[in-house]
Amino acid sequence: IFCSRLGGDERRVDSRTIYVGHRSCPANEAFIPPKFCDNRIVSSKYTVWNFLPKNLFEQFRRIANFYFLIIFLVQVIVDTPTSPVTSGLPLFFVITVTAIKQGYEDWLRHKADNEVNKYPVTVLEDGRRIRKESEKIKVGDVVEVEENETFPCDLILLQSSRDDDTCFVTTASLDGESNHKTHYTVPDTEKDLESLNATIECEQPQPDLYKFVGRMHIYKNNREPAVRSLGPENLLLKGATLKNTQKICGVAVYTGMETKMALNYQGKSQKRSAVEKSINAFLLVYLCILVSKALVCTTLKYVWQSKPGQDEPWYNEKTQREKDTNLYLKMFTDFLSFMVLFNFIIPVSMYVTVEMQKFLGSFFITWDKDFFDPEIKEGALVNTSDLNEELGQVEYIFTDKTGTLTQNNMEFIECCIDGFQYKYRDASSELDGFCVTDGPVNKLQQKAGREREELFLRALCLCHTVQVKEPTEQSQCQVDGRVDEVDGLGVDGEVLQTSEALRGFIASSPDEVALVKGAMRYGFTFLGLESKTMKILNRNNDVEMYELLHVLNFDPVRRRMSVIVRAISGDTLLFCKGADSSIFPRVRQEEVERIRMHVERNATEGYRTLCVAYKYLSAEEYAQADAGLREARLALQDREQKLMAVYNQVETGMSLIGATAVEDRLQEEAAETMEALQGAGMKVWVLTGDKMETAKSTCYACRLFQRNTELLELTVRTLEDDNLIELNLRGSSIFTSFSSLCCRSWSLTNQDYGFIIDGATLSMVLNSSNESNSSRYKNLFLQICQNCTAVLCCRMAPLQKAQIVKMVKNSKGCPITLSIGDGANDVSMILEAHVGIGIKGKEGRQAVRNSDYAIPKLKHLKKLLLAHGHLYYVRIAHLVQYFFYKNLCFILPQFLYQFFCGYSQQPLYDAAYLTMYNICFTSMPILAYSLLEQHICMEVLLDNATLYREIAKNAMLRWGPFLYWTLLGVFHGLLFFFGVRYLFSNPALQDNGQVFGNWSYGTIVFTVLVFTVTLKLALDTRHWTWINHFVIWGSLAFYVFFSFFWGGIIWPFLRQQRLYFVFANMLSSVSAWLVIILLILLSLLPEILLVVFRKPRGPHARQVEPKHTDTLTFPLCFTTFLPLFLDAVLHIFVVKRGWLLLFSIMYFSE
């Protein structure tokens, strides 16, 4: 019958056919098993065989790694002045550390995969129950799952142990929703699955968790096969857990990497922080400096050699091979040699340090006890450590309302029936969070007729998808009426028996539970659904029964849901509830005015409102609707669109009964948090699907709108004052409205402005058919919003939220955006923003899974941004600038040295120093600083939100600070080189008249360099811990120890040992000691004076309290003593050489 209705187009759909139990249908046909993938899950990235080549390929795609690989190869191929080890060892260290990290992460993924793939499951084969590993399940196998077990693949529910042929499921591991969802068996299936002959025709695998289209052909005794539609309510997803059902049986339709859970493994797009972009810009500058140095030295070398006698002196004649070498080739190889000599100006180890800083720094967020929420017993979660510093640069915050600004904890407040208000007053005992009275319904002034009241309450009891959880033995013993896992339900003993009072509600939305509880307050109790029969206990304690015929599910486009039921009397009714905007156009307009006033008043008070309507269906109307629904549900192609058309056809000509008001209270400290974020200079936008009046009230309660804020409104209501229908007329109206708003004198007054726009108007702005108009509208829209303290966008679809974020993110200046939400409808804007934050709320965990950071409550956002974000940005900005500075100090003396060695590419430092400088001698102090530094303590940062503005717009990584650090590096490099050269103007620096050589010269420069850059960091440190002391003084001690050790032993693997006893010999000279100390002090003199004479600026100063034992004041003592010491040294320096030596000995003996 149904097959004839499904035309040829349906047969050509890209679908799959599954044979239940691998039995051919009909039984006399030959069975050819189709080929599908196995049930193995593979989330790992590498295997043992491809790890090395694949990982190396991915790492060398990074420009810095590839650059150092080229430098290393040049050192190997070309005769360069430094050993290939100097570049190869740091590169090897970076590659190895990264490979170990990625390999360990992939090993954990392999381990998790094996746990899933080897999990034992029960499969029904030939009437036997066989235990096998999960990975061996094939499409078409009938699988048995028991209570609290996880579904091993995507199954179609065939059989349930429950009498009503349903089962309850939680999908916490998929979308985080802990609410119980109800799934239904396929109608008319055999109780004995062994005798079931059926095929399933369904769509090919796709990742949407909430969509499934299919149909099942059931063959019986050579009759025409029965066709039953399959939808999401029949599909049990891999990863979900069976609850409150002893066992079920289902047939596998998708396995392994084709399950919906596996298809959702795809990673999020990679987000890059502003710091990374600054690093790349600075790298280009230093690369230009490197190339310039190499070009200058190459040019000057050939200019110098062009002079007579310089190119080929008598003591160093060229070989025949050198004479035959092409001049341009030699110039090129010389250029490459200089590039190799100066390549250490590019800090390869900075990438490793930054990665470690981000990875280790993220633990401070998860360890923060202030983020722990005792209610859910969870703290903060970091999904992406690459964006820590972005938390300190946020300019725009886009927030959801329900569940983010509010608690998503619904409580029924009042209702309106036929225009009469019913406000419940607490009149009797309170049980499980609400009051129940068996007296008459409370009223205000007048009330509707009893028949209308009961019709409204029946609608609340019937129009929902709530299930009643049966009491367990454990709950029978409880006398306080509480139940586990679900919302409690209890009423006066005269109404329900004790066993029934212990029932609980199971629902996917807290709104539905609130409405069912609200009906209970007025005497109508929903008793549950059994075998398609809904039972209600009315005011007279009589049980009413209704046959559930169809459920027209809620969706965000329709914004309403309906049920079709049949009473015992034979009447067929449709009950519908939904948003006023979706209900009002579908009811008689004379009924709307009676309800509209109450709806708008409730919305103004901040309540969530729903309108309730009904309709009697004649036999002909129901037959037409039933046929249309069944046909649409059997469609494999465009099923949603066909169902939508039938829904819209049925849900017309209804009668409006009334409306409900449900309160969703503000989150704890929501107002204080929003106030602090605005004080920090962030613009807050509220993007919500709720109605404007409700959202506006919430904005006032959160202090986003103040009482003196002038609100600028641009909604369909303001545009339709003249009943404008044509889109182009609306467009001109929008442009006129925008233009009038933009003409305001924003800067001439201290007036605060707020802007309100709705989704319909916004779609005209964003999706204008005329491109030039669209661009103009967007610019005007942004111009208005940027001059407002807060913006409210209401009636927003999820896609519109993402469009708003993208528009602001790509606007002039590319401001840093942050999106925060708690539900699946917020995922799109969370993924779109620079930083996405999920709240562990009651709308599931999809937002948390797709976010970069997750926090339990909105109030935690304040500390996350104002304290952690501020400190992370300051730390990493200092780390980046410091790395470039210390490498410029390191390589500038090497460049200057070429002017004094005939541009012969003679290295100034030993190869060991070149290799160890960034890896060992100077790496740990800056890493500790970037993890522990608190230039301002967290309490001050939280109390003074304006401090956040000082680092806004990447203030510490702009070209100004970069130029300062570069000039400081040039100053220190010049001082190191020429200071030591001045010392060497008299080469006899030892008592026995022995002369120092070029390696002594380089070692003195390197010693001054290591001590200066390390002590510079010590002067910058404001928050001292034992770790800082250990790594700073430990690094200096390690350098001294290594120099003695490296130069004190004859190493057999070295062809030439340049530093043999050089360091020890150098320190035997008092003059060398003096020049080292003097140059260190001269280099740090500006910093010392700055620290000594700089006055603390109130709350900006680092506040040290005596009780903080881990915070030491060593730098203050250090900087107080240093000027006195410096003064003594400067007086010594002006005395003649003999007095210099005498005073030095006297000074150190004291």
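Residues numbered from 1 in each chain as written. Predicted model: local features only at pLDDT ≥ 70, side-chain atom pairs only at ≥ 80, totals over all residues. Heavy atoms only, no water.

### What about the overall build of the chain?
Point 1. Secondary structure summary: the chain contains 40 helices and 36 strands in total.
Point 2. Here the chain holds 1150 residues, and the buried ones make up 54% of them.
Point 3. For the chain, the proportion of contacts with a sequence separation of at least 24, taken over those separated by at least 6, is 75%.
Point 4. Carbon and sulfur atoms provide 56% of the accessible area of the chain, an area that totals close to 52,100 Å². (Helix = DSSP H or I, 4+ residues; strand = E, 2+ residues; numbered from the N terminus. Buried < 20%, exposed > 50% of the residue type's maximum accessible area, 1.4 Å probe, protein only. Contact = heavy atoms within 4.5 Å. Areas by Shrake-Rupley, 256 points an atom, 1.4 Å probe, with all protein chains shown as cover.)

### What to know about the confidence of the model for the chain
Point 1. For the chain, the average pLDDT comes to 77, and 79% of its residues sit at 70 or higher.
Point 2. Low pLDDT, under 50, characterises residues 472–502; the predicted model gives this stretch 58 contacts beyond four residues in sequence or across chains. (pLDDT = per-residue confidence, 0-100.)

### Focus on the pairing of strand 8 (residues 197–203)
Point 1. The buried fraction of strand 8 is high, at six of seven residues.
Point 2. Bridge analysis of strand 1 (residues 15–19) against strand 8 gives five bridges, and the strand direction is antiparallel. The residue bridging arginine 16 from the neighbouring strand is cysteine 202, located in strand 8.
Point 3. Across six bridges, strand 8 lies against strand 9 (residues 214–219) in antiparallel orientation. For isoleucine 200, the partnering residue across the bridge sits in strand 9 and is methionine 216. (Pairing = 2+ DSSP bridges.)

### Remarks on the side chain of glutamine 881
Point 1. Mapped onto the fold, glutamine 881 is located in helix 30 (residues 860–897).
Point 2. Glutamine 881 sits in the buried class, given a relative accessible area of 2%.
Point 3. Once you skip the residues sitting within four places of it in the chain, glutamine 881 turns out to touch Phe282, Met956, Leu957, Arg958, Pro961, Phe962 and Trp965.

### Remarks on the nonpolar core
Point 1. One finds Val880, Tyr909, Tyr913, Ile1004, Phe1006 and Leu1009 to be the most contacted residues of the largest nonpolar core, which totals 101 residues.
Point 2. It is helix 30 that provides the largest number of residues to this core, a total of 18 residues.
Point 3. Not counting residues within four places of it along the chain, the set of residues in contact with leucine 1009 comprises Lys886, Cys889, Phe890, Tyr909, Tyr917 and Phe976.
Point 4. Counting 42 residues, the second-largest nonpolar core is a separate cluster that includes Ile397, Ala670, Val686 and Cys699. (Core = buried A, V, L, I, M, F, W, Y, C linked by side-chain atoms within 4.5 Å.)

### Details of the environment of histidine 1029
Point 1. Positionally, histidine 1029 belongs in helix 36 (residues 1026–1048).
Point 2. Residue classification places histidine 1029 among the buried positions, given a relative accessible area of 16%.
Point 3. Each C-alpha atom of the pair histidine 1029 and alanine 1018 lies 8.9 Å from the other, and the pair is 11 residues apart in sequence.

### Regarding empty space enclosed by the protein
Point 1. All told, the structure shown has six cavities of 30 Å³ or more when counted by the stated rule.
Point 2. One number sums up the size of the largest cavity: a volume of about 70 Å³.
Point 3. Taken together, 13 residues form the lining of the largest cavity, with Phe68, Pro90, Phe344, Val348 and Asn918 sitting closest to its centre.
Point 4. Contributions of two or more residues to the lining of the largest cavity are made by helix 5 (84–117) and helix 31 (911–921).
Point 5. Ranked by residue count, the leading element in the lining of the largest cavity is helix 31, at four residues.
Point 6. Looking at the lining of the largest cavity residue by residue, the class counts come to seven nonpolar, six polar and no charged. (1 Å grid on protein atoms, 1.4 Å probe; cavity = no way out; pocket = protein on both sides within 12 Å on 5 of 7 lines; lining within 4 Å. Points joined across faces, edges and corners; volume = space filled by probe spheres on them. Nonpolar A, V, L, I, M, F, W, Y, C, P; charged D, E, K, R; others polar.)

### Remarks on helix 25 (residues 759–766)
Point 1. Buried residues dominate helix 25, accounting for six of its eight residues.
Point 2. For helix 25, every residue scored as buried is listed here: Gly759, Thr761, Leu762, Met764, Val765 and Leu766.

### With respect to the packing of aromatic side chains
Think of a pair of aromatic rings as described by two things: how far the centres are apart, and how the planes are tilted against each other in angle.
Point 1. With the rule as written, the count across this model stands at 49 aromatic pairs.
Point 2. Centre to centre, the rings of phenylalanine 342 and phenylalanine 895 are 5.8 Å apart; their planes meet at 75 degrees, and the pair counts as edge-to-face. Of the two residues, phenylalanine 342 sits in helix 10 (residues 327–342) while phenylalanine 895 sits in helix 30, which places them 553 residues apart along the sequence. Judged on exposure class, the residue phenylalanine 342 and its partner phenylalanine 895 are both buried.
Point 3. Ring centres of tyrosine 885 and tryptophan 965 lie 5.6 Å apart, and the angle between their planes is 65 degrees; this geometry places the pair in the edge-to-face category. Residue tyrosine 885 is located in helix 30, and its partner tryptophan 965 is located in helix 34 (residues 959–983); the two are separated by 80 residues in the primary sequence. Neither tyrosine 885 nor tryptophan 965 differs from the other in exposure class; each is buried.
Point 4. Through a chain of ring-to-ring contacts, three or more aromatic side chains come together here, namely Phe344, Phe890, Tyr909, Tyr913, Tyr917, Phe921, Phe1006, Phe1011, Phe1038, Tyr1039 and Phe1042.
Point 5. Over the ring of tyrosine 622 we find arginine 566; its NZ or CZ atom is 5.2 Å from the centre of that ring. (Phe/Tyr/Trp six-rings, centres within 6.5 Å; stacked < 30°, edge-to-face > 60°. Lys NZ or Arg CZ within 6 Å of the ring centre and 35° of its normal.)

### Some thoughts on the packing of helix 35 (residues 998–1020) against helix 38 (residues 1070–1093)
Point 1. As a packed pair, helix 35 and helix 38 sit with axes 10 Å apart at the nearest point and diverge in direction by 25 degrees. Accordingly, the angle class assigned to the pair helix 35 and helix 38 is roughly parallel. In terms of crossing hand, the pair formed by helix 35 and helix 38 is right-handed. Across the interface between the two elements, Ile1004, Thr1007, Val1008, Phe1011, Thr1012, Leu1015, Lys1016, Leu1019 and Asp1020 from helix 35 touch Ala1072, Val1075, Ile1076, Leu1079, Ile1080, Ser1083, Leu1084, Glu1087, Ile1088 and Val1091 from helix 38.
Point 2. Grouping the constituent residues of the contact of helix 35 with helix 38 by class yields 13 nonpolar, three polar and three charged. (Axes fitted to C-alpha atoms, helices over the stretch in contact; angles between N-to-C directions. Parallel < 35°, antiparallel > 145°, perpendicular 65-115°, else oblique. Left-handed = near helix turned anticlockwise from the far one by under 90°.)

### Regarding unusual backbone geometry
Point 1. One non-glycine residue with positive phi stands out, namely asparagine 541, at about 60 degrees.
Point 2. You can see asparagine 541 is positioned in the loop between strand 24 (533–537) and strand 25 (543–555).
Point 3. Judged by relative accessible area, asparagine 541 falls into the partly exposed class, the value being 41%.

### Here's the deal with the sheet that holds strand 9
Strands belonging to one sheet form pairs held by backbone hydrogen bonds; the direction of such a pair is parallel or antiparallel.
Point 1. Overall, antiparallel pairing links the four strands, which are arranged 1-8-9-10 in an open sheet. The open sheet is flanked by strand 1 and strand 10 (226–230), the only strands paired with a single partner. Adjacent strand axes in the sheet meet at a mean angle of 20 degrees when their direction is disregarded.
Point 2. Across the sheet, helix 19 (residues 619–634) is in contact with strand 9 and strand 10; its angle to strand 10 comes to roughly 80 degrees.

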